[in-house]
Amino acid sequence: MDLIEFWNIMHNTYKSGLTLIIIALLTFSATAQKRTYSPYSRYGIGELQDGGFGRNAAMGRTGIALQNSFNLNNINPASYSGLDSMSFYFEGGLMNYSQSLKSTDASSNFSDMHFDYFAIGFPIAKWGFMSFGLQPASAVGYDFYEENTNTENSGDYTLSSAMGNGNTTKTYAGLALRPFKDFSIGVHSVYLFGKIKNSNIAQFQNDPFASYLGSEEALRINDIYFDFGLQYKININQKQELVIGGIYRPKTGINANMTKLVGQGTSLNSDGSMVNTIDTLQFVQDELKRTAFEMPEKIGFGVAYNLKDAVTLTAEYTLEKWSEAKFPDEITETSDMQKWAFGGEIIPNERATSYLSRLRYRFGTYYKKDYLILNEHQLTDFGISFGVGLPLKRTKTSFNLAFEWGQRGTTDYNLVKENYAKLTMNLTLHEFWFVKRKFD
């Protein structure tokens with residue numbers, strides 16, 4: 001082994017160690033961030049967070065049939081087979097989002113920024129690729145109050161509040177294999193973890209000596225599930241191709257622990273989410289086996305048309321059978337979630353001297369029937385997106401921007417209409433780790 005090879009090994013080892021440290025720090029921060037203010041996050045396991053990374057976000061969150069050598073795509077694990085066999089990939093992103101909530105008699109606005117995702121990818125052979133990543137799975141974050149007055153007794157006045165917080169996070173290990181030319185299969189092993197908490201407090205305002213009555217329910221999730229994918233490439237000619245993709249996740253029971261506390265007291269804790277209990281009226285601690293809490297079966301199909309180094313167009317459909325999944329609470333009513341999505345990417349001239357001609361212009365749209373039913377009405381979600389990939393000179397490394405605007409729910413049926421906007425900023429870093437340097 002010469003000095004140059006030794007230096008390359010030590011340099012890559014150092015970067016690997018630094019990467020693991022970053023992963024540990026991001027794992028810690030991911031479990032502590034507030035990702036939504038929607039009252040709909042009260043139900044189920046909260047507001048489901050969309051999959052995919054920066055490129056996917058700009059293309060309507062599509063990805064089942066997308067495959068290229070520039071960006072990681074965790075929507076379909078089979079897509080890793082399209083990565084460069086000589087490169088190590090690093091992707092990380094931040095998201096700035098805003099939500100505008102409106103009911104028939106009130107409105108409010110929120111805005112925040114948080115860590116979005118982190119992922120790495122690398123080849124293990126000419127026919128195999130791996131990826132590891134960390135990404136939010138669901139989020140709970142709401143806080144609202146309701147005043148109640150008994151018209152028969154003007155002194156009977158109560159103030160009730162409901163508050164929820166927490167999130168679940170998924171960290172995954174993905175493997176893609178290419179058993180023969182133009183066909184690839186992939187699998188994700190996903191570790192789902194996190195804690196979500198919902199609480200309710202009632203206060204009788206007419207009596208200054210009256211106590212608070214509060215209930216708190218906490219759910220800790222900690223388990224593993226798998227999802228699978230495949231992609232098949234059909235070469236039309238030297239410049240054009242079709243990619244057909246599919247994803248599948250079997251219905252899987254999830255282990256969790258649930259704690260429920262009902263208590264009475266004369267004061268609230270520091271964040272106002274629960275009473276400082278003097279009298280415990282009920283305390284239940286239950287270990288939920290996989291028959292009590294389930295992730296639903298998921299099926300998705302997609303197709304993409306690629307004109308080499310110029311145009312990508314894709315369309316897909318996803319079905320998640322939440323109507324057949326079990327939840328530990330008694331207030332959540334679910335239906336099957338369906339999503340139709342379309343996306344595109346245009347590169348005017350990848351080899352042009354003009355930088356604007358080398359940019360990757362992206363766009364997309366989606367329509368989704370959400371998994372929640374409230375007041376006998378299934379929620380819907382519609383959004384549009386666009387973005388741009390900004391390549392660095394003489395490298396595949398790029399900085400990516402994606403903007404999404406959407407509308408969820410309605411003010412009809414005594415519900416809340418939510419308008420949201422998301423700005424995702426991410427870096428896709430390429431490093432040539434698997435080249436043996438030689439000197440004449």
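Small disclaimer: the values here were computed from a predicted structure and weren't measured.

## Thoughts on the overall build of the protein chain
Scanning the protein chain from terminus to terminus reveals three helices and 19 strands. Evaluated residue by residue, the protein chain yields a buried proportion of 49% over its 440 residues. Partitioning the intrachain contacts of the protein chain with sequence separation of at least 6 by distance along the chain shows that 65% fall at a separation of at least 24.

## With respect to the side chain of Ser41
With respect to the helices, strands and loops of the structure, Ser41 is situated in the loop between helix H1 (3–30) and strand E1 (47–48). For Ser41, the side chain forms a polar contact with the main-chain nitrogen of Gly141, separated by 3.1 Å. Apart from the residues within four sequence positions on either side, Ser41 is in contact with Thr36, Gly46, Glu47, Ala139, Val140, Gly141 and Tyr142.

## Considering the nonpolar core
Counting residues in each nonpolar core, the largest one holds 39 residues, and the members touching the most others are Tyr40, Ile45, Leu219, Ile221, Phe293, Trp322 and Tyr371. Counting residues per element, the ones that place at least two in this core are strand E2 (87–102), strand E3 (107–125), strand E4 (128–149), strand E5 (157–180), strand E6 (183–204), strand E7 (212–235), strand E10 (256–265) and strand E16 (360–374). Discounting chain neighbours no more than four positions away, the residues touching Trp322 are Ile45, Leu48, Pro296, Phe327, Thr334, Ser335, Asp336, Met337 and Tyr371. Phe88, Phe90, Ile120 and Phe122 belong to the second largest nonpolar core, which has eight residues in total.

## A closer look at the environment of Val187
By the secondary structure assignment, Val187 is in strand E6. Each C-alpha atom, one on Val187 and one on Met130, is 9.8 Å from the other, the two residues being 57 residues apart in sequence. Leaving out residues up to four positions away in the same chain, Val187 has contacts with Pro77, Ala173, Gly174, Leu175, Phe226, Asp227 and Phe228.

Reading the values: rules and limits
Residues numbered from 1 in each chain as written. Predicted model: local features only at pLDDT ≥ 70, side-chain atom pairs only at ≥ 80, totals over all residues. Heavy atoms only, no water. Helix = DSSP H or I, 4+ residues; strand = E, 2+ residues; numbered from the N terminus. Buried < 20%, exposed > 50% of the residue type's maximum accessible area, 1.4 Å probe, protein only. Contact = heavy atoms within 4.5 Å. Polar contact = N/O pair within 3.5 Å; in protein donor to acceptor, adjacent residues only side chain to side chain. Core = buried A, V, L, I, M, F, W, Y, C linked by side-chain atoms within 4.5 Å.

Worth remembering: the numbers are spatial, not functional.
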